[in-house]
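Spelled out, the chains give:
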Amino acid sequence: MSTPNPIRSHQECRSLIEDAGISIAEWARENRFSCGLVYQVLEGKRRCLRGQSHRIAVALGLKAGHLTDVRTLSQILAGLSREEETM
């Protein structure tokens, strides 16, 4: 089992990316995120509650969470519903 990503500040994230010698736009493209949205997340202009902004914040280590696609989550939830029905 892997340990969760550490929670970082917006500035720490920017510094880590810049110290690696890559641009924020390049990081966004490599991770298949919208460049504009990554900048908004790093500037604190998004709440990052759901969708791509949530996935960006988790990938950057700005917030705790895990990345699960909708199909996988639906399967997990369906499995829980079946278990509850048998109890």
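Residues numbered from 1 in each chain as written. Predicted model: local features only at pLDDT ≥ 70, side-chain atom pairs only at ≥ 80, totals over all residues. Heavy atoms only, no water.

Asker: Go over the nonpolar core with me, naming the residues and quoting the values.
Answerer: Counting 15 residues, the largest nonpolar core has V38, V41, I56 and L60 as the members making the most contacts within it. Every element with two or more residues in this core is listed here: helix 1 (10-19), helix 2 (24-30), helix 3 (35-42) and helix 4 (51-60). Of all the elements, helix 3 adds the most residues to this core, at 4 residues. Sequence-distant contacts of V41, that is, excluding residues within four places in its chain, are made with H10, R46, C48, S53, I56, A57, L60 and L62. (Core = buried A, V, L, I, M, F, W, Y, C linked by side-chain atoms within 4.5 Å. Buried < 20%, exposed > 50% of the residue type's maximum accessible area, 1.4 Å probe, protein only. Helix = DSSP H or I, 4+ residues; strand = E, 2+ residues; numbered from the N terminus. Contact = heavy atoms within 4.5 Å.)

Asker: Any details on the packing of helix 3 against helix 4? Residues and values, ideally.
Answerer: The interhelical angle for the contact between helix 3 and helix 4, taken along N-to-C directions, is 65°, at an axis separation of 10 Å. Like other packed secondary-structure pairs, helix 3 and helix 4 cross with a definite hand, here right-handed. For the pair formed by helix 3 and helix 4, the contact residues are L37, V38, V41 and L42 on the first element and Q52, S53, I56, A57 and L60 on the second. Of the residues assigned to the contact of helix 3 with helix 4, the class counts are 7 nonpolar, 2 polar and no charged. (Axes fitted to C-alpha atoms, helices over the stretch in contact; angles between N-to-C directions. Left-handed = near helix turned anticlockwise from the far one by under 90°. Nonpolar A, V, L, I, M, F, W, Y, C, P; charged D, E, K, R; others polar.)

Asker: Explain the pattern of salt bridges residue by residue, including any values.
Answerer: One pass over the structure, following the stated rule, counts 2 salt bridges. The partner of R14 in a salt bridge is E43, with the nearest N and O atoms 4.0 Å apart. Here E43 lies in the loop between helix 3 and helix 4 and R14 lies in helix 1, a separation of 29 residues in the sequence. A residue is classified by how much of its surface remains accessible, and E43, at 42% relative accessible area, is partly exposed. Each of R14, E43 and K45 takes part in a single network of salt bridges with overlapping partners. (Salt bridge = Lys/Arg side-chain N within 4 Å of Asp/Glu carboxyl O.)

Asker: Which residues make up the environment of L37, and what values go with them?
Answerer: With respect to the helices and strands, L37 occurs in helix 3. For the pair L37 and I56, spaced 19 residues apart in sequence, the C-alpha to C-alpha distance is 8.4 Å. Discounting chain neighbours no more than four positions away, the residues touching L37 are R46, Q52, S53 and I56.

Asker: Lay out unusual backbone geometry with the relevant residues and their values.
Answerer: Notably, R32 is not glycine yet its phi reads approximately 60°, a positive angle. Relative to the elements of secondary structure, R32 occurs in the loop between helix 2 and helix 3. A relative accessible area of 76% means that R32 is categorised as exposed. A positive phi is found at C48, a non-glycine position, where the angle reads about 60°.

These values are about where atoms sit, not about what they do.
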